[in-house]
Amino acid sequence: MSMDPKRAPVKPARMYDATARRERARELRASTLHVAYEMFQANGFAATTVESIAQAAAVSAATIYKTYGGKAGLVRALCDRALAGTGPIPAEERFDAFRSVKDPRNVIEGWGRLTSEVSPRISPLLLWLREAGRLDADAAALFRELDGKRLRRMADNAGFLADARHLRHGVTKQDARDIMWFLTAPDTYDLLVNQRRWSIRKYSNWMAETMAAALL
């Protein structure tokens, strides 16, 4: 059968490559979060509006509401990013990996290093939320949620130390939980690093030494 010369051959459909679109969306989210952080830092949570963030980030306010749900959602996303730490593996996974180390002092030293990695990123956010929560119900609820999560993490760590019989005599799991919860509080980081101008290295070493002395 001969082909009709008037009929052009059908070209195979090209597969749509969404890689570039996803990368652009990722860059836009990162840029929006960066702008939000800078504005919260400069103006405070209460004085910063979604509209002002949208204008500075060159996106629509509707996009921010759709993606994050509002200011509290933006801070939640910032907190999630902060808690992941700076390495290729999320800080929480690296935190748990230290449990395979036999020497409990090395375990706590590792925890101290990771805390000093995450604290500069998460502490300002938690302090903003607590302050904003005096007037903003969403901010207050998010602060309680994140602080409760930190308390549960410290309870889990205390359980590990107790089960491995690393806690010294007289220190209960509840004691260990509360001591670690206090030492990792955003206020502790703020007082020593921001106000007393301790270096991150000094803060990390103090964190590990104090925790070991109190618990082991």
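In what follows, the structure referred to is the one given above.
A few points on the structure. None of these values were measured; they are calculated from a predicted model.

## Re helix H10 (residues 200–215)
For an α-helix the count is 3.6 residues per turn, leaving residues at separations of three or four pointing the same way.
Alright, step 1. With 16 residues, H10 extends 22 Å between its outermost C-alpha atoms, agreeing within 8% with the 22 Å of an ideal straight helix rising 1.5 Å per residue.
Alright, step 2. By the burial criterion, the buried members of H10 are Tyr203, Ser204, Met207, Ala208, Met211, Ala212, Ala214 and Leu215.
Alright, step 3. Where H10 is buried, its residues meet helix H6 (104–132), helix H7 (137–163), helix H8 (173–183) and helix H9 (186–195).

## Focus: unusual backbone geometry
What you tend to see is this: most non-glycine residues have negative phi, and most peptide bonds are trans.
Alright, step 1. Even without being glycine, alanine 58 reaches a positive phi, approximately 60 degrees.
Alright, step 2. Note that alanine 58 resides in the loop between helix H2 (50–57) and helix H3 (61–68).
Alright, step 3. For alanine 58, a relative accessible area of 67% puts it in the exposed group.

## Details of the nonpolar core
Alright, step 1. By size, the foremost hydrophobic cluster in this structure holds 34 residues, and its most contacted members are Phe40, Ile53, Ile64, Leu74, Leu125 and Leu129.
Alright, step 2. Elements represented by at least two residues in this core include exactly helix H1 (19–43), H2, H3, helix H4 (71–83), H6 and H7.
Alright, step 3. With residues up to four places along the chain from it excluded, the contact list for isoleucine 64 reads Thr32, Val50, Ile53, Ala54, Val59, Gly69, Gly70 and Leu74.
Alright, step 4. The next biggest cluster of nonpolar side chains, apart from the first, holds 26 residues, and it includes Phe95, Val107, Val193 and Leu215.

## Describing the environment of leucine 151
Alright, step 1. Following the sequence through the fold, leucine 151 ends up in helix H7.
Alright, step 2. Spatially, the C-alpha atom of leucine 151 lies 9.7 Å from that of threonine 184, the residues being 33 residues apart in sequence.
Alright, step 3. Leucine 151 has contacts with Arg177, Asp178 and Trp181, leaving out every residue within four places of it along the chain.

## Here we look at the pattern of salt bridges
Alright, step 1. Counted by the stated rule, this structure contains 9 salt bridges.
Alright, step 2. One salt bridge in this structure joins glutamate 92 and arginine 153, with 3.2 Å as the shortest N-O distance. Of this pair, glutamate 92 sits in helix H5 (residues 91–97) while arginine 153 is found in helix H7, placing the two residues 61 residues apart along the sequence.
Alright, step 3. A relative accessible area of 19% places arginine 153 in the buried class.

## A look at the packing of H6 against H10
To describe two helices that pack against each other, one gives the angle between their axes and the distance between the axes.
Alright, step 1. Two elements in contact, H6 and H10, have axes whose closest approach is 8 Å; the angle formed by their N-to-C orientations is 140 degrees. It follows from the interaxial angle that H6 and H10 lie oblique. With respect to the hand of their crossing, H6 and H10 are arranged in right-handed fashion. Of H10, the residues touching H6 (which contributes Arg105, Ile108, Glu109, Trp111, Gly112, Arg113, Thr115, Ser116, Ser119 and Pro120) are Ile200, Tyr203, Ser204, Met207, Ala208, Met211 and Ala212.
Alright, step 2. Along the lines of polarity and charge, the residues of the contact of H6 with H10 split into 9 nonpolar, 5 polar and 3 charged.

## Brief notes about the side chain of histidine 166
Alright, step 1. Following the sequence through the fold, histidine 166 ends up in the loop between H7 and H8.
Alright, step 2. In this view, histidine 166 contacts Lys102, Pro104, Leu161, Leu215 and Leu216; residues no more than four positions away in its chain are not counted.

## Section: the packing of aromatic side chains
Alright, step 1. Enumeration according to the criterion identifies 7 aromatic pairs in this entry.
Alright, step 2. An aromatic cluster of three or more residues is present, and its members are Tyr37, Phe40, Phe45 and Trp128.
Alright, step 3. Sitting over the ring of phenylalanine 45, lysine 71 keeps its end group 4.5 Å from the ring centre.

Criteria and cut-off values
Residues numbered from 1 in each chain as written. Predicted model: local features only at pLDDT ≥ 70, side-chain atom pairs only at ≥ 80, totals over all residues. Heavy atoms only, no water. Helix = DSSP H or I, 4+ residues; strand = E, 2+ residues; numbered from the N terminus. Expected span 1.5 Å × (residues − 1). Buried < 20%, exposed > 50% of the residue type's maximum accessible area, 1.4 Å probe, protein only. Contact = heavy atoms within 4.5 Å. Core = buried A, V, L, I, M, F, W, Y, C linked by side-chain atoms within 4.5 Å. Salt bridge = Lys/Arg side-chain N within 4 Å of Asp/Glu carboxyl O. Axes fitted to C-alpha atoms, helices over the stretch in contact; angles between N-to-C directions. Parallel < 35°, antiparallel > 145°, perpendicular 65-115°, else oblique. Left-handed = near helix turned anticlockwise from the far one by under 90°. Nonpolar A, V, L, I, M, F, W, Y, C, P; charged D, E, K, R; others polar. Phe/Tyr/Trp six-rings, centres within 6.5 Å; stacked < 30°, edge-to-face > 60°. Lys NZ or Arg CZ within 6 Å of the ring centre and 35° of its normal.

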